[in-house]
Amino acid sequence: IYIRRLPGEEFTPLEALVSGRRGHAVRLRQFLHAAGIAADAQLELVSRDGFIRQLPARAVYDGGFVHYATDGHPLTVAEGGPLRLYVVGSDNRCDDVKGLAQVRVTTAAKNA
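Since the structure is predicted, the reported quantities are computational estimates derived from the model, not experimental observations.

### Quick notes on the nonpolar core
Then, in step 1: Counting 20 residues, the largest nonpolar core has Leu32, Leu43, Leu45, Val60 and Leu85 as the members making the most contacts within it.
Then, in step 2: When residues of this core are traced back to their parent elements, those giving at least two are strand S3 (42-47), helix H2 (57-63), strand S5 (64-70) and strand S7 (84-88).
Then, in step 3: Here this core takes four residues from H2, the largest share from any one element.
Then, in step 4: Those residues within four positions of Val60 in sequence are excluded, and the remaining contacts are Leu28, Leu32, Leu43, Leu45, Leu55 and Val87.
Then, in step 5: Leu14, Val18, Ala25 and Phe65 belong to the second-largest nonpolar core, a separate cluster that totals five residues.

Right under this line is the structure:
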């Protein structure tokens, strides 16, 4: 899936989601669905520097947004890019993974 091919309703201004942040974000749910990741799976979100955050896929389906650009320019590494994941409404109210590099399934769906 290419970001630019996603339907318009998948895009949102980042400032509408995360206080103090601005830029362009897209929901992650289309990517999870295209990869066949079930909502009841457990995920590991891995950053470029090796940081790992574990979350249920449901949290990412419901509130996962990838920040990919600010002011029309690709997100820089200094800004947490090239992709920065925000999971709004998770247990911590907003999880953040800078430099998102991988999304791994650690526990498959129970009925798979």
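Moving on, there is more to tell.
### A short note on unusual backbone geometry
Then, in step 1: The omega torsion across Gly81 and Pro82 is 10°, close enough to zero to call that bond cis.
Then, in step 2: Mapped onto the secondary structure, Pro82 falls in the loop between strand S6 (73-74) and S7.
Then, in step 3: Of note in the backbone geometry, Asp71 takes a positive phi value of approximately 55° without being a glycine.
Then, in step 4: Structurally, Asp71 is set in the loop between S5 and S6.

### Thoughts on the environment of His24
Then, in step 1: Relative to the elements of secondary structure, His24 occurs in strand S2 (residues 24-27).
Then, in step 2: The class for His24 is partly exposed, based on a relative accessible area of 34%.
Then, in step 3: With eleven residues separating them in the primary sequence, His24 and Pro13 have C-alpha atoms 5.1 Å apart.

### As for the confidence of the model for the chain
Then, in step 1: The share of residues in the chain with pLDDT of 70 or more is 91%, and the mean pLDDT across the chain is 87.
Then, in step 2: Ranking the helices and strands of the chain by mean pLDDT puts S3 first, with 95, and strand S8 (residues 94-97) last, with 83.

### Description of the pairing of S7
Then, in step 1: Most of S7 is tucked away, with four of its five residues classed as buried.
Then, in step 2: As judged from the four bridges shared by S5 and S7, these two strands associate in the antiparallel manner. Each residue of the ladder has a partner; that of Phe65, found in S7, is Tyr86.
Then, in step 3: Where S7 lies against S8, four bridges are found, and the strand directions are antiparallel. Within S8, the residue paired with Tyr86 across the bridge is Asp96.

Parameters at a glance
- Residues numbered from 1 in each chain as written.
- Predicted model: local features only at pLDDT ≥ 70, side-chain atom pairs only at ≥ 80, totals over all residues.
- Heavy atoms only, no water.
- Core = buried A, V, L, I, M, F, W, Y, C linked by side-chain atoms within 4.5 Å.
- Buried < 20%, exposed > 50% of the residue type's maximum accessible area, 1.4 Å probe, protein only.
- Helix = DSSP H or I, 4+ residues; strand = E, 2+ residues; numbered from the N terminus.
- Contact = heavy atoms within 4.5 Å.
- pLDDT = per-residue confidence, 0-100.
- Pairing = 2+ DSSP bridges.

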